[in-house]
Amino acid sequence: MSRLAGLQCRECEQRYPLQPIHVCELCFGPLEVAYNYDAIRAAISRASIAAGPWTIWRYRALLPVEDEPLVETYAGCTPLVKANNLGRLWGLRNLYIKNDTVNPTFSFKDRPVSIAVTRARAFGFDTFACASTGNLAAAVAAAAARAGMRAVVFIPADLEAGKILNSAVYAPTIVAVSGHYDDVNRLCSEIAEKYRWAFANINVRPYYAEGSKTLAFEVAEQLGWRAPDHAIVPTASGSMFTKIWKGFQELYQVGLLDEPPRTRMTVAQAAGCGPIAAAFARGAREVEPVKPHTIAKSLAIGNPADGYYALRIIRETGGWAVGVSDAEIVEGIQVLARTEGIFAETAGGVAVATAKRLVDAGYIAPDDTVVIYVTGNGLKTPEAVADRLAPPVTISATMEAFEAALVRDGAGAAVVA
Amino acid sequence: MAKQRVKLTFPPELITQPVIYNMGRQFDVVTNIRRANVTREQGWVILELSGEQPEIERAIAWAIDQGVRVDPIEGDIVAG
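What counts and how
Residues numbered from 1 in each chain as written. Chains lettered and ligands numbered in written order. Predicted model: local features only at pLDDT ≥ 70, side-chain atom pairs only at ≥ 80, totals over all residues. Pairing = 2+ DSSP bridges. Helix = DSSP H or I, 4+ residues; strand = E, 2+ residues; numbered from the N terminus. Contact = placed C-beta atoms within 7 Å. Axes fitted to C-alpha atoms, helices over the stretch in contact; angles between N-to-C directions. Buried ≥ 20, exposed ≤ 12 C-beta atoms within 10 Å, placed from the backbone. Nonpolar A, V, L, I, M, F, W, Y, C, P; charged D, E, K, R; others polar. Domains from an automatic or database assignment. Core = buried A, V, L, I, M, F, W, Y, C linked by C-beta atoms within 7 Å. Parallel < 35°, antiparallel > 145°, perpendicular 65-115°, else oblique. Left-handed = near helix turned anticlockwise from the far one by under 90°.

1. What about the sheet that holds strand 9 (residues 198-199) of chain A?
Residue and element names in this part refer to chain A.
Here is step 1 of the chain: The four strands are arranged 8-7-6-9 in an open sheet whose pairing can be described as parallel. The open sheet has two edge strands, strand 8 (173-177) and strand 9, and neither has a second partner.
Here is step 2 of the chain: Here two bridges tie strand 6 (residues 127-131) to strand 9, and the two strands are oriented parallel to one another. Counted as the bridge partner of Phe128 is Ala198 from strand 9.
Here is step 3 of the chain: Strand contacts of helix 7 (residues 181-194): strand 6, strand 7 (150-156), strand 8 and strand 9, with the helix running at about 155 degrees to strand 7, the strand carrying the most contacts.

The structure is reproduced here in structure tokens:
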């Protein structure tokens, strides 16, 4: 029996073969990869995983690939950092940071994109594409380079030059589209419909999305094959959030966890683009689309495709959803850098700030195992902290000038003023 | 002949208005509904519009002008 059962509609459960399609023909619901978990359980063990490569393909048995050659981008298997300093500051003894700043293109997007490009090449596409303002574009362009495929990236025409550089360096074709965000959105949907190109998060989305499960698989393995008590996840479309929960559940289903996961899944959003957090606060079942206004650009999705499913998971798991201010985001970036030496982009700052809100609300017990997902590198959003950093002390090249700049703090140690 | 699949989201004040019926009357498009839901706060309908592409675009522009959100069924595709 094959590990992969096909594609299935999340709404009406209609089944489809494994093709580059993402929409149910019957009800227009989203398609998801369906697995034969019995077949996977028979083929997988903690030992077989430990013998695997030190990348996302370690968990190949639970990923939607068959016999095709894998595009190995060396994504994944990122550090799970025990945050003793930050934990001490907050009164938590088991606080961890899942540090995805160190992926090949410096965000977690390398995970789902590696799966998408592998499947796209296997399906016979010669062009790999996406519409993105940042992390996804870089991941797609780099993965296409590794896969020997052409890359086309659609960006809003007003994107800053620095952001374009992060993707342009891998030499994709960049198409800058003028118009409102909604117009760019609709155009890309139409192009994906009309041209035989693999759009990472459109027509190969069911495969793409599965890559985020590795964020759960790795954390569980790194914790000694157990799920954490809390997972705090920066959330844009809701895809990563829903797949992390799915990942923990699948590990139990195939016998890799001894107990069902009881992780409380918390959505971390910016107040300036927090449609899921707003729906949660209202007690609503449906998410109302918003117009994004936040420094957390990588989370600026006003109409999250997985919003409904994310809300359900928050409530099922006893989690929470928070929208934090821009000031809290910047403070989150800085406190993480100051205490643990990790430089997160604004999305990571959102997650840290959300965790602080949970701690302040008494929602986390001191011995709870808490994992904060830091999904992108701070070098992607240097403008968020550029004005907040202490300037250097400037002295002339004499010992006298240096010693004049010294002051004694209360503890009697010498510090430079 | 073109087809476009969209999600229309209605604010509370438009939920009881026959927007889709009026769209079909005013524009040469066929509206084919697949899923829908109405709550106190919003209504949404997922449907396929069929017709000539320019006419579909005019129908969508009209709906937006009425106060309806029109999005691809995939939600926001332009990712971070």
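The rest of the description comes next.
2. With respect to unusual backbone geometry
All names here are of chain A.
Here is step 1 of the chain: For Cys77, which is not glycine, the phi torsion reads 50 degrees and is therefore positive.
Here is step 2 of the chain: Looking at the secondary structure, you find Cys77 in the loop between helix 2 (46-50) and strand 4 (80-82).
Here is step 3 of the chain: Residue classification places Cys77 among the buried positions, given that 21 C-beta atoms sit within 10 Å.
Here is step 4 of the chain: One non-glycine residue, Ala171, lies in the positive phi region at around 60 degrees.
Here is step 5 of the chain: Topologically, Ala171 is positioned in the loop between helix 6 (161-168) and strand 8.

3. Some details on the environment of Asn185 of chain A
Here is step 1 of the chain: Relative to the elements of secondary structure, Asn185 of chain A occurs in helix 7.
Here is step 2 of the chain: Residue Asn185 of chain A is classed as buried on the basis of its C-beta count, with 23 C-beta atoms lying within 10 Å.
Here is step 3 of the chain: Distance in space between the C-alpha atoms of Asn185 of chain A and Pro156 of chain A is 9.8 Å, their sequence separation being 29 residues.
Here is step 4 of the chain: Apart from the residues within four sequence positions on either side, Asn185 of chain A is in contact with Asp71, Pro72, Asp76, Ile77 and Val78 of chain B.

4. Let's talk about the sheet that holds strand 11 (residues 264-270) of chain A
All names here are of chain A.
Here is step 1 of the chain: With mixed pairing, the six strands of this open sheet are ordered in space as 4-5-13-10-11-12. In this open sheet, the two edge strands, each paired with only one partner strand, are strand 4 and strand 12 (321-324). With direction set aside, neighbouring strand axes in the sheet form an average angle of 25 degrees.
Here is step 2 of the chain: Sheet analysis places strand 10 (residues 230-234) next to strand 11, joined by five bridges and oriented parallel. Bridged to Pro234 within strand 11 is Ala268.

5. Examining the interface of chain A and chain B
Here is step 1 of the chain: Every contact between the two is made by 37 residues of chain A and, on the other side, 20 residues of chain B.
Here is step 2 of the chain: Secondary-structure elements contributing two or more residues to the side of chain A that touches chain B are strand 6, helix 5 (135-147) and helix 7 of chain A.
Here is step 3 of the chain: For the side of chain A that touches chain B, the leading source of residues is helix 7 of chain A, giving six residues.
Here is step 4 of the chain: Residue composition of the side of chain A that touches chain B, grouped by class: 19 nonpolar, twelve polar and six charged.

6. Re the domain arrangement of chain A
All names here are of chain A.
Here is step 1 of the chain: Partitioning chain A into domains gives domain 1 (80-106 + 210-384) and domain 2 (124-203).
Here is step 2 of the chain: Distance between the C-alpha centres of domain 1 and domain 2: 26 Å.
Here is step 3 of the chain: With six residues of domain 1 at the interface, the matching set in domain 2 holds seven residues.
Here is step 4 of the chain: Here the residues of the side of domain 1 that touches domain 2 are counted per class, giving one nonpolar, three polar and two charged.

7. Observations concerning the pairing of strand 6 of chain A
Residues and elements named next belong to chain A.
Here is step 1 of the chain: Of all five residues in strand 6, four are buried; the element is thus mostly enclosed.
Here is step 2 of the chain: In the sheet, strand 6 pairs with strand 7 via five bridges, with the strands oriented parallel. In the strand pairing of strand 7, Ala129 is matched with Val152.

8. What to know about the nonpolar core
Here is step 1 of the chain: Counting 117 residues, the largest nonpolar core has Phe128, Val140, Val233 and Ala351 of chain A as the members making the most contacts within it.
Here is step 2 of the chain: Broken down by element, this core gets its largest block of residues, ten residues, from helix 5 of chain A.
Here is step 3 of the chain: Counting contributing residues, this core receives three or more from each of domain 1 (80-106 + 210-384) and domain 2 (124-203) of chain A.
Here is step 4 of the chain: Listed in part, the 23 residues of the second largest apolar core include Phe28 of chain A together with Phe27, Leu47 and Ile73 of chain B.

9. Observations concerning the packing of helix 4 (residues 110-122) of chain A against helix 5 of chain A
Residues and elements named next belong to chain A.
Here is step 1 of the chain: For the pair helix 4 and helix 5, interaxial distance at closest approach is 9 Å and the crossing angle is 40 degrees. In terms of axis orientation, helix 4 runs oblique to helix 5. Helix 5 is crossed by helix 4, and the crossing has right-handed handedness. Contacts between helix 4 and helix 5 involve Asp110, Val113, Ser114, Val117 and Arg121 on the former and, on the latter, Ala139, Val140, Ala143, Ala144 and Ala147.
Here is step 2 of the chain: Here the residues of the contact of helix 4 with helix 5 sort into seven nonpolar, one polar and two charged.

10. What to know about the environment of Gly272 of chain A
Residues and elements named next belong to chain A.
Here is step 1 of the chain: Relative to the helices and strands, Gly272 resides in the loop between strand 11 and helix 11 (275-282).
Here is step 2 of the chain: Given 19 C-beta atoms within 10 Å, Gly272 falls into the partly exposed group.
Here is step 3 of the chain: Placed 54 residues apart in sequence, Gly272 and Asp326 show a C-alpha to C-alpha distance of 7.9 Å.
Here is step 4 of the chain: Not counting residues up to four positions away in its chain, the partners in contact with Gly272 are Pro292, His293, Thr294 and Asp326.

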